[in-house]
Amino acid sequence: MKEFNDVEKVIDETVQGAATMIAQEEGKNQNGKKLYLESYGCQMNFSDSEIVASILSENGFTTTRDSSSADVILMNTCSIRENAEQRVRNKLSQYQKRKKEKPSLVIGILGCMAERLKKDLLEQEKLVDLVAGPDAYRDLPKLIQEVESGQKAVNVLLSREETYADISPVRLGKGGIAAFISIMRGCDNMCSFCVVPFTRGRERSRDPKSIVQEAQELFDQGYREVTLLGQNVDSYKWNITKKGEIIDPSEPVVNFAQLMEMVAQVNPLLRIRFSTSHPKDMTDDVLHTMAKYENLCKYIHLPVQSGNTDVLKRMNRGYSREWYMNRIEAIKRIMPDCAISTDIIAGFCGETEEEHQDTLSLMKEVGYEFAYMFYYSERPKTLAERKFEDDIPLETKKRRLTEIQAVQAELSHAANSKMLGEKCTILVEGTSKRSDDEVFGRNSQNVVVIVPKNNLKPGDYADVIITDCTTATLRGELIQTEEA
Ligand code: SAH
Ligand code: SF4
Ligand code: F3S
């Protein structure tokens, strides 16, 4: 699918590629059953798959990379755009064919599509045997048993409390250097185009102690980078209600800036990233904390969606173009070396040519290093579906998207060219795909740099000077190395 962005693809491949890792892990009480886990969607879904793998490996399952040898196939799915769902339906139909040859095969759907469609995929479309929503993963061993005993298995209850804080995720990512840590679940924002509040439920934050502990454990295992995940990390709050009432006076109140500081102090050699920030909630406090600690990476993903205030109003984003630009100015003032990326939707309901031009002009004004760009896809039950007509013809949506992509290509190229001759520190993640004599890593700004291997290994920090830039890649030479 063309519209799937890179993150979605990478995550899909990573989960599949890493599944063998768990298969190789000696399970304590193996039940002889093999699980094939496939993931779509955002980083949160990927992080959830690690929780699912953990719950099921504790219950005796081993994981396999080969879906044809699986006893249980679970698809962790995404509903964000229509074609994300279509892709999963196609895959499920293929697996159904396999079930004809192997009737004992259990096929289950997890994640946002499971939550959105509830029993439909089981009863009407007959594509799956098991349905588990994002807050029901502890129930999976029981649900699988139910299917095996010939029953229908569905749990799509959303929770106000579940954060899986006590579950130690099985790390599925390759490399053992970078990992995700979920710090909150759900979303209370109700952006009019977005299905997430319906599929993920109410916003809730996870105990900061368990977050810091997880970061420490990862560091001790050799990890050197963590990404703190939430749909709106800026509204992270612990021990305080939305109305500002303190819950337990004997415990500290923790906001996102304070949480970042706590994680930054785990070790100066542990890099911290986070996603996603929301322009309406991002405070200067967060920016000052980022500036204070070198290991808080100088990179912010700040989705704008549109450059026009009226469109933003229809999107129910809670900020204007001016407010957004004020946040960008604050980032540039407090951290001049910070890279900024964004998400953009082309052709939202009622978008005029002038409003579209405002998006292009905002992009140039900000000078994004990177952007994920989509055309609008109407989602059932959302505010936009109920209130506005999806009136921009597909051709126009696609044309506007192409124009947005063209502007971004220029901006990304300009950002890369500016780095020629600059010095930066990269965290080495692995060997370059093209050559064993080269390694790659990312700098604080999240840009991938390829350098000659020397004696560098994953987990090392290396000071490099950028010597060459093509559209997609930067190359550098080593200045000096530090052991991680
Ligand atoms: N919580 C994040 C976004 C999560 S969804 C935030 O608020 O920024 C990731 C991106 O998908 C969104 O930023 C938006 O650009 C895009 N998206 C969401 N719903 C969409 C829809 N109905 N059609 C097209 N793109 C959509
Ligand atoms: Fe969706 Fe808006 Fe929540 Fe992001 S903040 S997940 S776009 S409702
Ligand atoms: Fe998709 Fe659900 Fe994430 S809809 S983007 S998998 S929260």
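Residue numbering note: each chain is counted from 1, following its sequence as written. Following the order in which they are written, the chains are lettered starting with A and the ligands numbered starting with 1. Two thresholds apply to this predicted model, a pLDDT of at least 70 for residue-level local features and 80 or more for giving and counting side-chain atom pairs, whereas whole-chain, interface and lining totals are computed over all residues. Hydrogens are left out, water is left out, and the side-chain values use all remaining heavy atoms of the structure.

**Description of the sheet that holds strand β4 (residues 106-110)**
Two strands pair under a simple rule: DSSP has to find at least two bridges between them. Every helix listed is a DSSP run of H or I at least four residues long, and every strand listed is a run of E at least two residues long, numbered separately from the N terminus. On the basis of which strands lie adjacent, the open sheet formed by 6 strands has the order β2-β1-β3-β4-β5-β6 and parallel pairing. Single-partner strands in this sheet number two, and they are β2 (62-63) and β6 (153-155). Where β4 and strand β5 (residues 130-132) come together, 3 bridges link them in parallel fashion. Its bridge partner being in β5, Gly-108 is matched across the sheet by Leu-130. Residue contacts follow a heavy-atom distance rule, with two residues in contact if any of their heavy atoms lie within 4.5 Å. Axis definition: a line fitted to C-alpha atoms, limited for helices to the stretch in contact. Angles are taken between N-to-C directions and run from 0 to 180 degrees. Strands in contact with helix α6 (residues 140-148) are β3 (72-77), β4, β5 and β6; relative to β5, the strand with the most contacts, it is inclined by about 165 degrees.

**Some words on the packing of helix α10 (residues 284-292) against helix α12 (residues 321-334)**
Angle between the axes and distance between the axes: these two values describe a pair of packed helices. Packing of α10 against α12 leaves a shortest axis separation of 10 Å and a crossing angle of 25 degrees. In terms of axis orientation, α10 runs roughly parallel to α12. Two packed elements cross with a definite hand, and for α10 against α12 that hand is right-handed. From α10, Asp-284, Leu-287, His-288 and Ala-291 reach across to α12, where they touch Arg-327, Ala-330, Ile-331, Arg-333 and Ile-334. Classification convention: Asp, Glu, Lys, Arg as charged; Ala, Val, Leu, Ile, Met, Phe, Trp, Tyr, Cys, Pro as nonpolar; all other residues, Gly among them, as polar. Here the contact of α10 with α12 is composed, by residue class, of 5 nonpolar, 1 polar and 3 charged. Any angle between 65 and 115 degrees counts as roughly perpendicular, while under 35 counts as roughly parallel, over 145 as roughly antiparallel, and the rest as oblique. By definition, any crossing whose near helix is turned counterclockwise from its far helix by less than a right angle is left-handed, and any crossing with a clockwise turn is right-handed.

**As for the side chain of Ser-306**
Locating Ser-306 in the fold gives a position in the loop between β14 (299-301) and α11 (309-314). Of note is the side chain of Ser-306, whose polar atom sits 3.1 Å from the backbone nitrogen of Asn-308. Sequence-distant contacts of Ser-306, that is, excluding residues within four places in its chain, are made with Val-311, Leu-312, Met-315 and Thr-359. Here a polar contact is taken to be a pair of N or O atoms separated by no more than 3.5 Å, where protein atoms must pair a possible hydrogen donor with a possible acceptor and residues adjacent in sequence count only if both atoms sit in side chains.

**Remarks on the pairing of strand β17 (residues 423-431)**
Bridge count for β17 against strand β20 (residues 461-469) is 5 bridges, and the pairing is antiparallel. Looking across to β20, one finds that Thr-425 is bridged to Asp-463. Of the strand pairs in this sheet, β17 and strand β18 (residues 438-443) are connected by 5 bridges, and their pairing is antiparallel. What sits directly across from Thr-431, in β18, is Val-439. Counted between consecutive antiparallel strands, the loop separating β17 from β18 contains 6 residues.

**Some remarks on the sheet that holds strand β7 (residues 178-182)**
Across the sheet, which stays open at both edges, the 3 strands sit in the order β7-β10-β13 with parallel pairing between neighbours. The sheet is open, and its two edges are formed by β7 and β13 (271-275), each paired on a single side. Across this sheet, the average inter-strand angle for adjacent strands is 25 degrees, counted without regard to direction. Where strand β10 (residues 225-229) meets β13, 5 bridges bridge the pair, whose relative direction is parallel. Note on β13: the bridge partner recorded for Glu-225 is Arg-271.

**Structural notes on the environment of Glu-477**
Tracing the chain through its elements places Glu-477 in strand β21 (residues 474-482). Think of it in three bands: with a 1.4 Å probe and only protein chains considered, a residue is buried below 20% of the maximum accessible area for its type, exposed above 50%, and partly exposed in between. By relative accessible area, which is 40% here, Glu-477 ends up partly exposed. Counting along the chain gives 11 residues from Glu-477 to Ile-466, while the straight-line C-alpha distance between them is 6.6 Å. With sequence-adjacent residues up to four places away left out, Glu-477 is seen in contact with Val-451, Pro-452, Asp-463, Val-464, Ile-465 and Thr-467.

**Observations regarding the site of ligand 3**
Nearness is defined per residue: one heavy atom within 4 Å of the molecule or strand is enough. Around ligand 3 sit Cys-42, Asn-45, Thr-77, Cys-78, Ser-79, Ile-80, Cys-112, Val-196, Arg-200 and Gln-231, and those are all the residues in its vicinity. In the shell around ligand 3, the residues fall into 5 nonpolar, 4 polar and 1 charged. Throughout the structure description, domain borders are defined by an automatic or database domain assignment. Mapped onto the domain boundaries, the shell around ligand 3 takes at least three residues apiece from domain 1 (10-155) and domain 2 (178-417).

**What to know about the nonpolar core**
Only buried residues count toward a nonpolar core, which is a set of Ala, Val, Leu, Ile, Met, Phe, Trp, Tyr and Cys residues joined through side-chain atoms within 4.5 Å. In this structure, Ile-183, Leu-228, Phe-256, Leu-287, Ile-300, Tyr-324 and Ile-331 are the most contacted members of the largest nonpolar core, which totals 70 residues. In this structure, Leu-287 is in contact with Met-282, Ile-300, Arg-327, Ala-330, Ile-331, Ile-334 and Met-335, ignoring residues within four places of it in sequence. The next biggest cluster of nonpolar side chains, apart from the first, holds 28 residues, and it includes Leu-35, Leu-37, Ala-53 and Ile-55.

**Regarding the domain arrangement of the protein**
Looking at the assigned domains, one finds that the protein contains domain 1 (10-155), domain 2 (178-417) and domain 3 (423-482). Measuring from the centre of the C-alpha atoms in domain 2 to the corresponding centre in domain 3 gives 27 Å. Taken residue by residue, the interface counts 14 residues in domain 2 and 15 residues in domain 3. As a working definition, buried area equals the accessible area (1.4 Å probe) given up by two parts on being put together, with both sides summed. A combined buried area of about 1300 Å² lies between domain 2 and domain 3, and 48% of that area is made up of carbon and sulfur atoms. A pairing counts as a salt bridge when a side-chain nitrogen of Lys or Arg comes within 4 Å of a carboxyl oxygen of Asp or Glu. A salt bridge links Glu-225 to Arg-442, with the nearest nitrogen and oxygen atoms 3.0 Å apart. Linking domain 2 to domain 3 there are 8 residue pairs in polar contact (both at pLDDT 80 or more). Contributions of two or more residues to the side of domain 2 that touches domain 3 are made by β13 and α15 (394-418). Within the side of domain 2 that touches domain 3, the residues separate by chemical class into 5 nonpolar, 3 polar and 6 charged.

**Here we look at the site of ligand 2**
By nearness alone, every residue bordering ligand 2 is listed as Cys-187, Asn-189, Met-190, Cys-191, Phe-193, Cys-194, Val-196, Pro-197, Gln-231, His-278 and Arg-317. Tallied by class, residues from the shell around ligand 2 come to 7 nonpolar, 3 polar and 1 charged.

**Considerations on helix α2 (residues 43-58)**
Expected span of a helix, by definition, is 1.5 Å for each gap between consecutive residues, and there is one gap fewer than residues. Over its 16 residues, α2 extends 23 Å from the first C-alpha to the last, a length consistent with the 22 Å expected when each residue adds 1.5 Å. For α2, the buried fraction is high: 13 of the 16 residues fall into the buried class. Of the residues one or two after α2, Gly-60 is the one with positive phi, at around 95 degrees.

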